[in-house]
Amino acid sequence: MCSVVNFNINGYHYKLPVVYGTFYEKAINISQLRDSTGFITFDPGFKNTGITKSSISFIDGEKGELLYRGYPIEQIINKCSFIETSYLILNGELPNTAQLKSFSEKIKKFNHLHKEINKIFDHIPNFYHPMGILSSLTYILDTFINSLQKEDMYLHLLAKLPILAALIYRKKVGLPPPHVNPHLDYTSNLLEMFFSIPNKSYEQNPIITDALNKILILHADHEQNCSTTTVRLLGSADTGLFSSISAGMSALWGRLHGGANQAVIEMLEDILRSGGNIKKWIEKAKNKKDPFRLMGFGHRIYKNFDPRAKIAKKVAENMIQKLGISDPILELAKNLEKEALQDPYFVEKKLYPNIDFYSGIIYQAIGIPKYMFTVMFALGRLPGWMAHWKEMKNNKDPIGRPRQIYIGYKKRNIQK
Ligand code: SDX
């Protein structure tokens, strides 16, 4: 393994150090590049750029593997709850029984909203998109949480975000604000807060609770994706945790990122409505003149199956079968995946289904409407966002401030 790279520019010889990761992924450390050569690098979308060293999650895009703190997602999904996974991602190790009990109890201690939040919420027009409301209320949250201990702020968010999500959903469907049931575990309480009706508790179904637990775990962290990098970038400017998370939610909302789960279902419904001609839509996605893209397909890092999509597909199939519901959208999604993966365009460009391709089918089977899908993604990604913000602080990363290549006017004078 080389420790430096050597290169020549205009007859001058330079060397730069090499940085290696746990799995031997390698990077040229260019922190001294401009000072020593006068050059900067140019990498729109950071496709080839590592912005930090992190130990939270690792993606092997070629093999289609994902690890949370070293544990394969396939093991976590079958052996852990979402709260255990949140503890692991935030603290680096799985909790023992006592630690898990204390973590869960502390979260329950904070599972209420300040009455001012409810007053502010009442003035938000119901037509606002849930992601805009969630981001705004998250930003306001810490105004009403005083005497914050450093560790408590993570627990406040884990406790309060599901309440905000349920509050938003219930107002959309005309239900009164949610009530928290402290006797239920995190996922069951989330379902209770969403779906209980006045004087009737939600009838817990282990198939649904298990599916929700799994889909939250699948979203818990994913290296330096757009929204996580947004959270880190804000934190690097010494912006508070809540405001950084609020900004991460806005980044997640984009259709190319977390907004894709809603776009996938809308796409599948369009295909069904137009007669289900899969080949026609695949040709549309390949046509460079057509802005249409196969939503839920492709990924910046995975050039093999997204392991989360494989798991989500199994969860969706298992859930639909056990609940005894027929879902034409799931059948269509499976046929679309099959057709696309036989098409040279998708094979050559290594475009596989990503997490968003099947996640909406699970949310829909739970009873969650499309406009809430990205909010559910945010609930799952919360531990990852917080862990990266915490890691950035511990790393003492410098403020994120990329350079650019200027192509505007030369210096000129105002003529007047
Ligand atoms: C998430 O980063 C993360 O980890 C994100 C995420 C997470 O957990 O945080 O995994 C969650 O955001 C998953 C992605 C959800 N988005 C979608 O499903 C939207 C559809 N996918 C594409 O828009 C695209 O694949 C991206 C945005 C996901 C990735 O874009 P890249 O890496 O910038 O790749 P690209 O757009 O440069 O595409 C490379 C080629 C292009 O063709 P050429 O110009 O080389 O001829 O592949 C084509 C693209 O046109 N292409 C597609 C396609 N995705 C890429 N063609 C048709 N349909 C698609 N979906």
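Quick note: structure is the one above.
As a starting point, this report considers the structure included with it. Keep in mind the model is a prediction, meaning the values are calculated, not measured. (Residues numbered from 1 in each chain as written. Predicted model: local features only at pLDDT ≥ 70, side-chain atom pairs only at ≥ 80, totals over all residues. Heavy atoms only, no water.)

Quick look at the site of the ligand
Here is step 1: Near the ligand, the surroundings consist of 24 residues, among which His-222, His-299, Arg-300, Arg-308 and Arg-381 are the closest.
Here is step 2: Between the ligand and the protein, one listed contact pairs an oxygen atom with a side-chain N or O atom of His-257 at 2.9 Å.
Here is step 3: In the model, an oxygen atom of the ligand is placed 2.9 Å from a nitrogen or oxygen of the Lys-349 side chain.
Here is step 4: In the complex, the protein chains occlude 77% of the 1,100 Å² of accessible area that the ligand would expose alone.
Here is step 5: Grouping the amino acids of the shell around the ligand by side-chain chemistry returns 9 nonpolar, 7 polar and 8 charged. (Near = heavy atom within 4 Å. Polar contact = N/O pair within 3.5 Å; in protein donor to acceptor, adjacent residues only side chain to side chain. Areas by Shrake-Rupley, 256 points an atom, 1.4 Å probe, with all protein chains shown as cover. Nonpolar A, V, L, I, M, F, W, Y, C, P; charged D, E, K, R; others polar.)

Re a nonpolar patch on the surface
Here is step 1: Residues Phe-42, Ile-405 and Ile-407 make up a contiguous nonpolar surface patch of roughly 400 Å² in combined accessible area.
Here is step 2: Following the sequence through the fold, Ile-405 ends up in the segment after helix H18 (373–395). (Patch = residues over 30% accessible without salt bridge, like charges linked within 9 Å, V, L, I, M, F, W, Y side chains within 5 Å. Salt bridge = Lys/Arg side-chain N within 4 Å of Asp/Glu carboxyl O. Helix = DSSP H or I, 4+ residues; strand = E, 2+ residues; numbered from the N terminus.)

Digging into the pairing of strand S1 (residues 4–9)
Here is step 1: In terms of strand pairing, S1 meets strand S2 (residues 12–20) through 6 bridges, oriented antiparallel. Bridge assignment links Phe-7 to a residue of S2, and that residue is Tyr-14.
Here is step 2: Connecting the antiparallel pair S1 and S2 is a turn made up of 2 residues, with Asn-10 showing a positive phi of about 50°. (Pairing = 2+ DSSP bridges.)

Focus on the side chain of Ser-246
Here is step 1: You can see Ser-246 is positioned in helix H11 (residues 241–252).
Here is step 2: The buried category is assigned to Ser-246, whose relative accessible area is 7%.
Here is step 3: Polar side-chain contacts of Ser-246 include one of 2.8 Å to the backbone oxygen of Ser-135.
Here is step 4: Residue contacts for Ser-246: discarding those within four places in its chain leaves Ser-135, Thr-138 and Tyr-139. (Buried < 20%, exposed > 50% of the residue type's maximum accessible area, 1.4 Å probe, protein only. Contact = heavy atoms within 4.5 Å.)

Some points on the packing of helix H9 (residues 206–218) against helix H17 (residues 355–366)
Here is step 1: In the contact formed by H9 and H17, the axes pass within 10 Å of each other and the chain directions differ by 150°. Considering their axes alone, H9 and H17 lie roughly antiparallel with respect to each other. Where H9 crosses over H17, the handedness of that crossing is left-handed. In this structure, H9 uses Ile-208, Ala-211, Leu-212, Ile-215 and Leu-218 to contact H17, whose residues at the interface are Ile-355, Ser-359, Ile-362, Tyr-363, Ala-365 and Ile-366. (Axes fitted to C-alpha atoms, helices over the stretch in contact; angles between N-to-C directions. Parallel < 35°, antiparallel > 145°, perpendicular 65-115°, else oblique. Left-handed = near helix turned anticlockwise from the far one by under 90°.)

Thoughts on the pattern of salt bridges
Pairing between side chains becomes possible if they bear opposite charge and their charged atoms approach one another.
Here is step 1: Enumeration over the complete set of coordinates arrives at 17 salt bridges.
Here is step 2: With a closest N to O distance of 2.9 Å, Lys-119 and Glu-116 form a salt bridge. Taken together, the positions of Lys-119 and Glu-116, both in helix H5 (residues 115–122) and 3 residues apart, correspond to about one turn of that helix.
Here is step 3: Taking relative accessible area as the criterion, Glu-116 reaches 25% and is therefore assigned partly exposed.

Description of the layout of surface pockets
Here is step 1: In this model, the second largest pocket occupies a volume close to 350 Å³.
Here is step 2: Around the second largest pocket, the lining comprises 23 residues; the ones closest to its centre are Ile-83, Lys-108, Leu-184, Asp-185 and Tyr-186.
Here is step 3: Among the elements of the structure, helix H3 (82–91), helix H4 (97–109), helix H7 (152–172), helix H8 (186–195) and H9 are those that each provide at least two residues to the lining of the second largest pocket.
Here is step 4: Looking at which element gives the most residues to the lining of the second largest pocket, the answer is H8, with 5 residues.
Here is step 5: Of the residues assigned to the lining of the second largest pocket, the class counts are 12 nonpolar, 8 polar and 3 charged. (1 Å grid on protein atoms, 1.4 Å probe; cavity = no way out; pocket = protein on both sides within 12 Å on 5 of 7 lines; lining within 4 Å. Points joined across faces, edges and corners; volume = space filled by probe spheres on them.)

Some details on the sheet that holds strand S4 (residues 57–60)
Here is step 1: Read across the sheet, 3 strands follow the order S4-S5-S6 without closing on themselves; strand pairing throughout is antiparallel. The sheet is open, and its two edges are formed by S4 and strand S6 (71–72), each paired on a single side.
Here is step 2: Across 4 bridges, the pairing between S4 and strand S5 (residues 65–68) is antiparallel. Bridge pairing links Ser-57 to Tyr-68 in S5.

Side note on the pairing of S5
Taken residue by residue, a regular strand's side chains alternate between the two faces of the sheet.
Here is step 1: Connecting S4 to the antiparallel partner S5 that follows it, the hairpin turn spans 4 residues, and Gly-64 within it adopts a positive phi of roughly 75°.
Here is step 2: Here S5 runs beside S6; their pairing, made up of 2 bridges, is antiparallel. Across the sheet, Leu-67 pairs through a bridge with Pro-72, a residue of S6.
Here is step 3: As consecutive antiparallel partners, S5 and S6 are separated by 2 residues, and within that stretch Arg-69 has a phi angle of approximately 50°, a positive value.

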